[in-house]
Amino acid sequence: AEAEAQARFDEIIAADSRIEPRDWMPEAYRKTLIRQIAQHAHSEIIGMQPEGNWITRAPSLKRKAILLAKVQDEAGHGLYLYSAAQTLGITREEMTQQLIDGKAKYSSIFNYPTPTWADMGAIGWLVDGAAICNQVPLCRASYGPYGRAMVRICKEESFHQRQGFEILLTLMRGTEAQQRMAQDAVNRWYWPSLMMFGPPDDESPNSARSTAWKIKRFSNDDLRQRFIGMLVPQAEALGVTLPDPELRWDAENERWHTSEIDWSEFYEVLAGRGPMNAVRLQNRRDAHESGAWVREAAAAYARTQAARSDG
Ligand code: 3HC
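Basis of the calculations
Every chain is numbered on its own, with residues counted from 1 as its sequence reads. Thresholds applied to this predicted model are a pLDDT of at least 70 for local features of residues and 80 or more for the giving and counting of side-chain atom pairs; totals over whole chains, interfaces and linings are not thresholded and use all residues. Processing note: side-chain calculations cover all non-hydrogen atoms of the structure and skip hydrogens and water entirely. Runs of E in the DSSP output that reach at least two residues are strands. Runs of H or I that reach at least four are helices, and both are numbered from the N terminus. Radius of gyration here uses only the C-alpha atoms, and the compact-globule reference equals 2.2 Å multiplied by the residue count raised to the power 0.38. Think of it in three bands: residues with accessible area under 20% of the maximum for their type are buried, residues over 50% are exposed, and the middle band is partly exposed, with areas taken using a 1.4 Å probe on protein chains only. Any pair of residues with heavy atoms lying within 4.5 Å of one another is described as a contacting pair. Residue-level accessible areas treat just the shown protein chains as cover; the underlying method is Shrake-Rupley with a 1.4 Å probe. Charge assignment: positive for Lys and Arg, negative for Asp and Glu; neither His nor the chain ends contribute. Charged groups are reduced to one reference atom each: NZ for lysine, CZ for arginine, CG for aspartic acid, CD for glutamic acid. Paired rings are identified among Phe, Tyr and Trp, the last through its six-membered ring, by centres lying within 6.5 Å, and are further divided according to the angle between planes into stacked (under 30 degrees), edge-to-face (over 60) and tilted (the rest). Residues are labelled near a given molecule or strand when at least one of their non-hydrogen atoms is within 4 Å of it. Under this definition, polar contacts are N or O atom pairs within 3.5 Å; protein pairs additionally need one hydrogen-donor-capable and one acceptor-capable atom, and for neighbouring residues in sequence, both atoms have to be side-chain atoms. In the scheme used here, Gly and all other residues not listed as nonpolar or charged are polar, with Ala, Val, Leu, Ile, Met, Phe, Trp, Tyr, Cys and Pro taken as nonpolar and Asp, Glu, Lys and Arg as charged.

- Looking up the protein in an unreviewed UniProt entry gives the name 1,2-phenylacetyl-CoA epoxidase subunit A, with the organism given as Microbacterium lushaniae.

This is the structure we're talking about:
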């Protein structure tokens, strides 16, 4: 029976169809999806902090309203993705506890500080730009709930990217000081945004299986290249310089030649030793503890409602 189930699963994957929660799936497929979707959800929730830092200090009511909407979107993306992960048999509490205990990964990019307003532009342009490159192919992930969640998330992400570009454009059309602030933010966010796509393909333990299972549609390096190709003309339009003196189009090999990426920094951040890892986790713990009374009240209310309808 298992052999038939495996054959059925392989057929669905080969036909580029969707695996749904009630379908049989190899345990390793389930495990890698829980791993990736939970980390993706954690990334969205932790990702609210760097930007939340500027909501009370936005330079205008318009900027404040846009930033508020963006941070609320990230919260929604996180809840969407936690729900998708729950269809695979892990509970919200387990995932939250793993994050709070520092046992769960989330995107390295959110462990960097946001010292100036221009960081809000650089995050929108670079971080959400990278997220779009990474998330559009995930709309076609073989696991139904994940792919469908991505469709909605990608629509909102494009607004995030555009508002970031517009913040930088405004600054680059401003005073010398504003231009320096924008360039400084691009200098600090460029390399970490390239690391968002994951390690080089030959150091990526999950890629082979995720690709065979049509979860991953393009390799880490392919998407990194696609992202750089997107950035070059936009950087020119902005008048900012991408902080890589070696960056040029290598026509012979049809790829962007870049300086070496500092993977030791990447692995340091993954090990929890990035500039802001401890702060991000402490804030998440504090939010969880100070929100406990809401969860208890909601659960108590649900019990009385259930009792009333039984009664
Ligand atoms: N940050 C943290 N961990 C990372 C990472 C990063 N930028 N890149 C890779 N890793 C981890 C992987 O999780 C894996 O560790 P694990 O086996 O313990 O999970 C290890 O490094 C090796 O990487 P692999 O390439 O083998 O792992 P994957 O095949 O999972 O590829 C990935 C990594 C491309 C990030 C893939 O997991 C993915 O596409 N995830 C979904 C997208 C996602 O999480 N994006 C985060 C962007 S931030 C965001 O979405 C918020 C937006 O609103 C800005």
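Having seen it, we continue.
### With respect to the overall build of the protein
Thought 1: The secondary structure content of the protein amounts to 13 helices and two strands.
Thought 2: Computed over its C-alpha atoms, the radius of gyration of the protein comes to 21 Å, within 12% of the 19 Å expected for a compact globule of 311 residues.
Thought 3: Across its three principal directions, the C-alpha atoms of the protein cover 70 × 50 × 35 Å.
Thought 4: For the protein, the residues scored as buried account for 49% of the 311 residues in total.
Thought 5: In the protein, once contacts between residues fewer than 6 apart in sequence are set aside, the share between residues at least 24 apart is 77%.
Thought 6: Here the protein has roughly 15500 Å² of accessible surface; of this, 56% comes from carbon and sulfur atoms.
Thought 7: Once the 37 positive and 41 negative side-chain charges of the protein are each reduced to a mean point, those two points are 6 Å apart.

### What about the packing of aromatic side chains?
Thought 1: Going through the model one piece at a time under the given rule, you end up with 10 aromatic pairs.
Thought 2: For the ring pair Phe9 and Tyr29, a centre distance of 4.9 Å and an interplane angle of 75° mean the geometry is edge-to-face. Taken as a pair, Phe9 in helix 1 (residues 2-14) and Tyr29 in helix 2 (residues 27-46) lie far apart in primary sequence, 20 residues in all.
Thought 3: Among the residues examined, Phe9 registers a relative accessible area of 2% and is labelled buried.
Thought 4: Judged by its relative accessible area of 0%, Tyr29 falls in the buried class.
Thought 5: Relative to Trp117, the ring of Trp54 has its centre 6.2 Å away and its plane inclined at 65°; by these criteria the two rings are edge-to-face. Of the two residues, Trp54 sits in the loop between helix 3 (48-52) and helix 4 (61-86) while Trp117 sits in the loop between helix 5 (92-100) and helix 6 (118-138), which places them 63 residues apart along the sequence. Both residues of the pair, Trp54 and Trp117, belong to the buried class.

### A word on the site of the ligand
Thought 1: Not every one of the 31 residues close to the ligand is listed here, only the nearest: Arg35, Glu74, Lys105, Ser108 and Ser204.
Thought 2: Between the ligand and the protein, one listed contact pairs a nitrogen atom with a backbone N or O atom of Met196 at 3.3 Å.
Thought 3: When the ligand sits alone it has 1000 Å² of accessible area, and the protein chains cover 90% of it.
Thought 4: Elements with a contribution of two residues or more to the shell around the ligand: helix 2, helix 6, helix 7 (144-172) and helix 11 (263-273).
Thought 5: With six residues, the top contributor of residues to the shell around the ligand is helix 6.
Thought 6: Taken together, the residues that form the shell around the ligand break down as 13 nonpolar, 11 polar and seven charged.

### Some points on the environment of Glu260
Thought 1: With respect to the element layout, Glu260 can be found in the loop between strand 2 (255-257) and helix 11.
Thought 2: Take Glu260: its relative accessible area is 73%, and that puts it in the exposed class.
Thought 3: A C-alpha to C-alpha distance of 9.5 Å links Glu260 and Asp244, two positions 16 residues apart in sequence.

### Some thoughts on unusual backbone geometry
Thought 1: Unlike most non-glycine residues, Lys214 shows phi in positive territory, near 55°.
Thought 2: Within the element layout of this structure, Lys214 appears in the loop between helix 9 (207-212) and helix 10 (220-238).
Thought 3: Even without glycine at this site, Glu254 takes up a positive phi of about 50°.
Thought 4: As for its placement among the helices and strands, Glu254 is situated in the loop between strand 1 (248-250) and strand 2.

### Considerations on the environment of Phe159
Thought 1: Looking at the element boundaries, Phe159 is found in helix 7.
Thought 2: Judged by its relative accessible area of 28%, Phe159 is partly exposed.
Thought 3: In this structure the C-alpha to C-alpha distance between Phe159 and Ala85, which are 74 residues apart in sequence, comes to 25 Å.
Thought 4: In this structure, Phe159 is in contact with Ile66, Ala69, Lys70 and Asp73, ignoring residues within four places of it in sequence.

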